[in-house]
Structure formats: structure tokens, C-alpha cells
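# Working through the structure, step by step
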Number of protein chains: 2
Amino acid sequence: MTEIRQPTPRRGTNLPRMGDFNLTVILEAIRRSSGGLSRVELAQIVGLSPQTISNISRRLLDQQLIVEAGKEGSGPGKPRTILRLNPAGMYAVGVHLDPAVITFVVLNLLGDVVRHSRMATPGGDPAGVITSIAEQIQVLIEESGVDATKIAGLGVAVPGPIDLDEGSVVEPPLLTRWNRVRIREALTEATGLETLVDKDVTSAAVAETWAGGASGAGSFVFMYMGTGIGCGIVLNDEVVRGTSGNAGEIGHIVVDPDGPLCDCGQRGCVKSSAIPQVVVAEAQEAGVLDGRHEGSDGPEVQERFAELCDKADAGDEKAIAILAKSATLVARAVSVVTNTLDVERVVFGGPFWGRVSPYFLERVPALLDTNNAARMIHGLEVVGTGVGEDVGAIGAACLVLEHTLAPRAQRLLLEG
Amino acid sequence: MTEIRQPTPRRGTNLPRMGDFNLTVILEAIRRSSGGLSRVELAQIVGLSPQTISNISRRLLDQQLIVEAGKEGSGPGKPRTILRLNPAGMYAVGVHLDPAVITFVVLNLLGDVVRHSRMATPGGDPAGVITSIAEQIQVLIEESGVDATKIAGLGVAVPGPIDLDEGSVVEPPLLTRWNRVRIREALTEATGLETLVDKDVTSAAVAETWAGGASGAGSFVFMYMGTGIGCGIVLNDEVVRGTSGNAGEIGHIVVDPDGPLCDCGQRGCVKSSAIPQVVVAEAQEAGVLDGRHEGSDGPEVQERFAELCDKADAGDEKAIAILAKSATLVARAVSVVTNTLDVERVVFGGPFWGRVSPYFLERVPALLDTNNAARMIHGLEVVGTGVGEDVGAIGAACLVLEHTLAPRAQRLLLEG
DNA sequence: CGAGGGGCATCAGTGACTGAGATCCGGCAG
DNA sequence: CTGCCGGATCTCAGTCACTGATGCCCCTCG
């Protein structure tokens, strides 16, 4: 039963903590490099002496987290031995519990997907769903064929709100019956794996830091375009979770003064103006999509949204205008967040991102730049995630990798 | 010439860093306690062994940062020796450069104001203003009578935007002619003091962590009610500055769909709907304040705003309604920030806070609670700062104390 | 006035990082 | 083919912060 969140009274540190921390620092440097690093390069990058690097490298080699991969000799002298991550050195299982679909992945140390599966989210009792999830996890692990002793744990991404202390799901809007369900305990019990629970948007941000390459470094906001809209926050390479793990709730940022009334009492909240369901409804009203107004449930919306994108791709002006408006509205919300946090980058992703990315990438950067309060000082990079559609589940698995291997400041401090 | 901001490639740590860090941890524990702590209590709180605490205490005593202050004997056994901060152990000078007024303070280690002065902000050339500031600092230090060798440095709080790397002021809306003025260099040169520059709202947040008592711990947002509106952000006891030091720009959060058009193109931004200048204008239109529409400059607004508050205090319904509306609008903006960051507390402060506090404290907590996305998990505390009106200048001085003595994770890492 | 108990210091002991020097490894000139 | 050279890495102490064990000190209470 591990805790993600930080205790408030700041505690001291000691020698073993320091050693472990430096180990993770070196691992991170190797991880973030493309193509591995030699010991000498590591010494320069992390600022430790070559001897220390050697010692820690040995520990990493013993733990099979890294491997020596060839030599790089340029000029005279002994060629440098390149150290790379050992993909098979550690694995993590990730589950994304979405109101519509549950996604499962097994990740290796590089953050690559080794195995993956999906199932429609069963509607019944949470306890039953959890049992199904646990079963599916066992199947997945077997199918993947990975060494079970190398599996560091299980990460679970769930819709907010959550209670990080309890490891529970607290009444998410689209998962009725999930009221304070302690999914962490339940899955630890059922699978025997150390389990971490976090919000889907936070998980997506963690995925970006671990598997997203260059765009996952530094300070950024991950805009998650799913059934709803939310963001994950990373500042100086560390994820921001907030007091209870609920950071990133941006749904009620007002972006459209003429927008529809929201349940919060204001008009034009981004969650009631720019989420796929609303966009689809708008398209229907405008006659871009035909009038069948059957269901507003997950798959239905997804399908109709895809239809709208198809039309836009085919050049339908009205469809394009609708997507463009949605991009404008989302950009306003993003501006609020980026101005509040002064990040250097915005990463878009999530299940609905793939289809709308051209329309967003064409408009959002300029809009953000115009509204950037720090415009005179630095620009604001806008990119789509390289992690892909399963970013929720991949992020869930990355929660485990991050918790185990990332150089979090928290790792240095003594426990309460 | 010190840098506040963090380098991105995370670097390792070593023994001396660890020792220094633990020293700051212990100092912080003593600082945050009311009335000092014994060595045994410290050992429990920070998690280090009693021996280590003893050793570090000795270092702190040698540096005269703490003093042994009496004994506390309850029951049998040797009574505990209480360790307290030594107020005279360190001093810091703070300057708040506001468009209307420049405030100077000298702070002791406890964060108490030892000496303080003000001057109207001269309108001329920035270079001339900086010279005046430097002169005034010398005068203040002399008048304060503190041991000059104990002055750790100079902190300067300025309106944003700033460039933290350059230590410069970058075209703030109300300080024309201040275009990329490298005030940090200039004041280091002119005063001989190590100088730190930061945004006024960030400084205010730092003031709260250092001199604000219990409300300055953990994760909170400091809402600074000044000529404009902005916020400082503290997460897990560490200030969030952002990539370039410009975090906390929340002026363009939309809070009033029927509000006035803002220069950003949207309607009802908090900075164009709820800042004192606008509130005063509104009161004038409503006939609560008489029609003289002379100046909209700093002192004028301040005076008329005070007049409005007087009327409200006297029971004028219309005046109260206007302040109540302003509270509602500000609360909406605060909700956006608290939901984005999931903090546990909102601290209000700034020059205009004192007068409006009763009207805000009566309404804002309930409004925030209603909009709190994590309502089911934890509440949201709302308090007024205990630091007072000079929170900008005090915060500026606290920048120095924080930089020198706070247990920032950054302190552990090797330099680039 | 002595026993008891808690606070605190002293003294080694551990272990992570560091500096100096040795060793290893390949390229290159002779 | 051999020896030289330069750079990478390893070996071996050395330093220093934290820790565990031990003992002194000081106050309260019987």
C-alpha cells in the first residue's frame, strides 16, 4: 500500500536516501537521452564525480535496469561504453477505467507497450467490475509473457474526483454507483500487485514525462481531450497532484459568454461549451450532422464526433467552423492555465485528440501566444502527445515507473 | 548574483548539500513552531536521530541563527532545552516597487519588521528611480541600527511581467518607461547587497510562508488585491514561480458574462470587472459615490475606494451590494485557480484587502465551497493574511530569507 | 538525600561521495 | 608488428554526515 502524496512537515534526509536519489537521477539522465550515455557524459550531466557514476552504474547493472550497449570510439583513447536502459529490466501494468471502456497495458522500462487489451466498461456493481479488471490483468500478464517478478506494480487511472489518501474513486459524474470505492485496496488484494491510483489526466501527464520524449521534460500542461476536459500539470519535471490528487479540474473555466448555462450557474464553461458531446450537438443543430439524437452515451458521441471530423476533413466549411470554434474555446481555457502557471509547453492528447489535432494545431498556438502574459519573455510551445490514444492506460503504468524510478524530491525525505 | 529559478536537467546531490539541507529543515521546524522546540521534539518532527539534531543545533548556535531559551521541565528527568530563532541572527531588506508607492522594510529572522519607510514612486527615468531606491535603502539600514554584516541581502518585489533570468522588469502596464530594466544588477551594484527580484504577488506568497504563521504552510494560493489582481502560488511549502517567474497571472479569467469588454477581446475578465478602479467607477455610476471623475491614478482610486468602504461600513445597501458583487466575481476567479491546483487554503491580502475583508470573508468561503471540485474530499480554508498591508515589501525581504534558509529541494541539487 | 528518568553529548561505525593514481583499451606512428 | 599516447574507467584510500550504543547531566519525586 503505497502513498503518492506528500506529507506536509518537511523531514530531513540521510545517506541511503541520497544514494537512492542519485541512482534515480542517473537513470533519468539515461532515460531522457536518445541512444544512451557513457559514464563520462553522465558525470558531466548530473554533476557527480566519475567514480560515483561508476559505482551507481554498477548498481544499475546489477539490478538489470541498464545494460552496456556497445562502445563509441571517436578519436584516440579508450572508447566510451554506452549505457542504455534495459527494456526488460522492469515492467508495469496500467489500467484506465473510463466510463465507456477499460484499457489495459503492460509497459516495459522504456515506456513501450508490450501488450494491450480493452473491454467495454461493465455497468454493474463496482465490486464486480473490479473483479473483472483483476481477472483481465492476470490474463494480460500471462499473454504478455513477461517475467512476473519484474513487474513493479499496477497503476490505475480513474476519472476524478478521487481521494488519494484512500485510493478511492469519489462519485465521478459518468460512473454512477462508484461512490468512494476504494479501488486501490481492492486491486492490491485481488492482484497481489502494489497498486497506485491517480486521476486519468494526471496519469496522462505522467505518461508524457515517461514515454513522451522531449515534450515530457520541464514544465508543461497536458490537455486531456476525453469525454470531458481536464489537464495534468508538470512543473520542473515533477507532477503536481494537489492536496487530494484532484489538481487539473478546469471544466468550469468560462470561455464563451454566449455559451449554454452550466450546472455551476455560470454561462459558457469549457466543459459545457467545448466537450465532444456539446460539439456534436451543435453540429446537429447546424445541420452538419443529421438529426438522429439517439444516445448521448460514450460510443455514440465518439462515432458522431468522428463523423463530424470526417466532414471537416472532406472540406465541409460548416464542420470546419464548428471545430475551429471549439479550438478557440479550448485555447481560452488553456490560456488561463498557462498564465496561472507560466509553463513552457502545452501538450494535447486523449481519445478525441487524434481526429481534431490538425484543426487545433492550426489555431491554438497563435491564440495562446496572443494571450500569453509572458509573451515578451518566452514563447509557448504547443504539441500533440506522441504517446497516442492509450495515454490514460499508459500513464497509469507510468505512475508505477515514476513512483519507483523518478528522481522526485520526495524520495529524499525521511518518512513520517 | 543569485538565480532563483531551477535548471531543468536534474542533477545529483552530495554529502555537504545534504548537511546544509538538513540544517534548513531543522531551522524551518523551529521557525514554524510557536515558542521553540527542544532537540528531542526536533528529532521526532524531522525524523533525524537526536545526535544529528545535536550536531546541527550546534552549527545553528554557532551561526547565531538560534539561541537556547530556557528550559521546559514537565515531570521527572532533565528538562528540555528550548531552541528558538535568534531574531538578530539575520536581517533582510525588502523593497516593493509599486506604480504608486515604494515601500521599504528591514526584517529580522522572525519576519518582524524592524524598520520601514515609504516614498511616492518618482515618475522619471528608471535609472534615477533605482538610484533613489538605493539611497533610501542605505538610509533605512542606518536608521534601523542593525549589524550590517548580518544583512543577508536585498529582495525586490515588482509588478509583472518580469524576466527572472535577467532580473528585469518587463513593461508592466502601469510603469511606463520600465522596459526590460535590469533592476537586479543595478541594485546589486548600487547597494553591494546580494539582490533577488520577483513578482509582487509571488513575494506576497513568500511573505505568508515566512511571516504568516500557520496559514503559510502546505499548499495555498495568495490572492493579492492591489491595483490589479494576481496570485502567488505555494505547493507543498514551495513557491511556484513558473518558467520565467511569471506564474500567477490570473487577470484574464472570465468571471462576469455581462461584464465590460477587456483588451484581450473577452468580456468580463476579472481584471476588468473586479479591480478597485472598476469597482469605484461602478459605484460612481450607481450614484453611491459622487460624480467627480477626476483621476484614475493610484492614490485617487485608493481614496475613493476607501470612501465606498466607509459607506458600506455605515450600512449603505448599494455600497454593500457593489462590494458583494466584487467578492462574488473574485471568488469565481479564485475557484478556477483552486480547482486547477487543488490547494487547501486561499489567503487574501494586499493593499486593498484590509477594507474589504469583512465583505469578502462573509461571502467567498461559501462560494468557493460550492464550486470546489474536491468538495467531497476536503474543504477549502479562506483566511486574510496576518502579514498586513506591507505584504509586498515584507515578501520581498522574505525572498532573501527563503532563498538563504528555506529547505527548498533545489538546495540539494548540484549546480549547473 | 538518593533513586529514577529523560535530555543530551561522546565515541565509534557505516556508507556515499571525492581525489589521486592505476589500469584498460583502441588508434596511430614508426 | 610494436610501442606510444590519450581518454575512459577502475581501485584505493580519505572525508564527512548520519546512526547506534553508551554514559553523563540535571531535575523531580519519594
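On a predicted model such as this, the values are computed, not experimentally measured, just so you know. (Residues numbered from 1 in each chain as written. Chains lettered and ligands numbered in written order. Predicted model: local features only at pLDDT ≥ 70, side-chain atom pairs only at ≥ 80, totals over all residues. Heavy atoms only, no water.)

## Here we look at the side chain of A:R408
Residues and elements named next belong to chain A. Tracing the backbone shows R408 in the segment after α12 (391-405). Although buried, R408 forms no salt bridge, and the nearest oppositely charged side chain, E402, lies 5.2 Å from it. The residues contacting R408, other than those within four sequence positions of it, are F21, E238, E402 and H403. (Helix = DSSP H or I, 4+ residues; strand = E, 2+ residues; numbered from the N terminus. Buried < 20%, exposed > 50% of the residue type's maximum accessible area, 1.4 Å probe, protein only. Lys, Arg positive; Asp, Glu negative; His and termini not counted. Salt bridge = Lys/Arg side-chain N within 4 Å of Asp/Glu carboxyl O. Contact = heavy atoms within 4.5 Å.)

## Things to note about the sheet that holds strand β11 (residues 195-199) of chain A
Residues and elements named next belong to chain A. One open sheet holds the five strands; their spatial order is β6-β5-β4-β7-β11, and the pairing between them is mixed. Each edge of the sheet is formed by a strand with only one pairing partner; in this case those strands are β6 (113-120) and β11. Neighbouring strand axes in the sheet, compared pairwise and without regard to direction, differ in orientation by 15° on average. Pairing geometry for strand β5 (residues 101-108) and β6, over seven bridges, is antiparallel. Bridge pairing in β6 places V106 opposite R115. Contacting β4 (91-97), β5, β6, β7 (151-158) and β11, α12 crosses the sheet at an angle of about 135° to β4. (Pairing = 2+ DSSP bridges. Axes fitted to C-alpha atoms, helices over the stretch in contact; angles between N-to-C directions.)

## Comments concerning the relation of the copies chain B and chain A
Its rotation angle being 180°, the transformation that places chain B on chain A also includes 0.0 Å of axial translation and leaves an RMSD of 0.1 Å. Such values leave the two copies arranged in the relation of a two-fold axis. Using C-alpha coordinates, one finds that chain B approaches the rotation axis most closely at B:P257, a distance of 2.5 Å. When the interface residues of chain B are mapped onto chain A, 100% of them again fall at the interface, so both copies present the same face. (Least-squares fit on C-alpha atoms with pLDDT ≥ 70 in both.)

## Let's talk about the layout of surface pockets
A probe as big as a water molecule, rolled over the atoms, marks out the empty space that is left. Taken as a whole, the second largest pocket spans an internal volume of roughly 1,200 Å³. Together, 43 residues line the second largest pocket, and B:G160, B:P173, B:E249, B:H252 and B:K271 are the ones closest to its centre. Elements that contribute at least two residues to the lining of the second largest pocket include exactly α10 (317-341) and α11 (353-371) of chain A together with α6 (200-211), β13 (229-235) and α7 (270-273) of chain B. Of the residues forming the lining of the second largest pocket, the biggest block, four residues, is contributed by α10(A). Residues of the lining of the second largest pocket, tallied by class, amount to 18 nonpolar, 16 polar and nine charged. (1 Å grid on protein atoms, 1.4 Å probe; cavity = no way out; pocket = protein on both sides within 12 Å on 5 of 7 lines; lining within 4 Å. Points joined across faces, edges and corners; volume = space filled by probe spheres on them. Nonpolar A, V, L, I, M, F, W, Y, C, P; charged D, E, K, R; others polar.)

## What to know about the protein's contact with DNA strand C
Among the 24 residues in the neighbourhood of DNA strand C, the closest are listed as A:N22, A:Q51, B:S54, B:K78 and B:R80. By atom count, sugar and phosphate contribute 64% of the portion of DNA strand C lying within 4 Å of the protein. B:R80 is positioned such that a nitrogen or oxygen atom in its side chain is 2.4 Å from a phosphate oxygen of DNA strand C. Elements with a contribution of two residues or more to the surface near DNA strand C: α1 (15-32) and α3 (50-62) of chain A together with α2 (39-46), α3 (50-62) and β3 (80-85) of chain B. With four residues, the single largest contributor to the surface near DNA strand C is α1(A). Of the residues belonging to the surface near DNA strand C, the class tally is seven nonpolar, twelve polar and five charged. (Near = heavy atom within 4 Å. Polar contact = N/O pair within 3.5 Å; in protein donor to acceptor, adjacent residues only side chain to side chain.)

## Considering the pattern of salt bridges
Inspection of the entire model under this criterion finds 48 salt bridges over all chains. Salt-bridge contacts for B:E166 lead to B:R182; the nearest nitrogen and oxygen are separated by 3.5 Å. Of this pair, B:E166 sits in the loop between β8 (162-163) and β9 (168-170) while B:R182 sits in the loop between β10 (179-181) and α5 (183-191); the two residues are 16 residues apart in sequence, bridging distant segments of the chain. In this structure, the salt-bridge partner of B:R241 is B:D198, at a minimum N-O distance of 2.5 Å. Of this pair, B:R241 sits in the loop between β14 (238-240) and α7 while B:D198 sits in strand β11 (residues 195-199), placing them 43 residues apart in sequence. Residues joined by salt bridges that share partners form a network here, namely A:D163, A:E166, A:R180, A:R182 and A:E185.

## So, the protein's contact with DNA strand D
Every one of the 26 residues lining DNA strand D counts as a neighbour, but A:S54, A:K78, A:R80, B:N22 and B:Q51 are closest to it. Counted by atom, the contact set of DNA strand D within 4 Å of the protein is 69% sugar and phosphate. A distance of 2.3 Å separates a base nitrogen of DNA strand D from a polar atom in the side chain of B:Q51. B:T52 places a side-chain nitrogen or oxygen 3.0 Å from a phosphate oxygen of DNA strand D. Counting only elements with at least two residues in the surface near DNA strand D, the list comes to α2 (39-46), α3 and β3 (80-85) of chain A together with α1 (15-32) and α3 of chain B. Taken together, the residues of the surface near DNA strand D break down into eight nonpolar, 13 polar and five charged.

## Looking at the packing of helix α8 (residues 276-285) of chain B against helix α10 (residues 317-341) of chain B
How two helices sit against one another is set out by the angle between their axes and by the gap between those axes. Residues and elements named next belong to chain B. Across the interface, α8 lies against α10 with an axial gap of 10 Å and an inter-helix angle of 145°. Here the hand of the crossing between α8 and α10 comes out right-handed. Residues V279, E282 and A283 of α8 pack against I322, L323, K325 and S326 of α10. Across the contact of α8 with α10, the residue classes break down as four nonpolar, one polar and two charged. (Left-handed = near helix turned anticlockwise from the far one by under 90°.)

## Overview of the interface of chain B and chain A
How big an interface is tends to be expressed through the accessible area that disappears when the partners come together. At the interface, 70 residues of chain B touch 70 residues of chain A. Of the roughly 5,400 Å² buried between chain B and chain A on both sides combined, carbon and sulfur atoms contribute 58%. On the chain B side of the interface with chain A, the three residues burying the most area are B:R10, B:T340 and B:I377, jointly 13% of the side's total. Close ionic contact of A:R267 with B:D258 constitutes a salt bridge, the shortest N to O distance being 3.5 Å. At the level of secondary structure, the elements contributing two or more residues to the side of chain B that touches chain A comprise α1, α2, β8, β13, β14 and α10 of chain B. At six residues, the largest contribution of residues to the side of chain B that touches chain A is made by α10(B). Residues that form the side of chain B that touches chain A fall into these classes: 33 nonpolar, 23 polar and 14 charged. (Buried area = accessible area lost by both parts, 1.4 Å probe.)

## Overview of the environment of A:R180
Relative to the elements of secondary structure, A:R180 occurs in strand β10 (residues 179-181). Taking relative accessible area as the criterion, A:R180 reaches 32% and is therefore assigned partly exposed. Sequence separation of A:R180 and A:E166 is 14 residues, and the distance between their C-alpha atoms is 8.6 Å. In this structure, A:R180 is in contact with A:D163, A:E166, A:S168, A:V169, A:V170, A:E171, B:M376 and B:I377, ignoring residues within four places of it in sequence.

## Side note on the packing of aromatic side chains
In total, this model carries eight aromatic pairs over all chains according to the counting rule given. Taking 5.2 Å as the distance between ring centres and 90° as the angle between the ring planes, the aromatic pair formed by A:F305 and A:F352 counts as edge-to-face. Taken together, the positions of A:F305 in helix α9 (residues 298-313) and A:F352 in the loop between β15 (345-349) and α11 put the pair 47 residues apart, joining distant regions of the chain. Grouping residues by exposure puts A:F305 and A:F352 together as buried. A ring pair is formed by B:F348 and B:F360, whose centres lie 5.9 Å apart and whose planes are at 75°; its orientation type is edge-to-face. Of the two residues, B:F348 is situated in strand β15 (residues 345-349) and B:F360 in helix α11 (residues 353-371); the sequence distance between them amounts to twelve residues. Comparing B:F348 with B:F360 shows no difference in burial state: the two are buried. (Phe/Tyr/Trp six-rings, centres within 6.5 Å; stacked < 30°, edge-to-face > 60°.)

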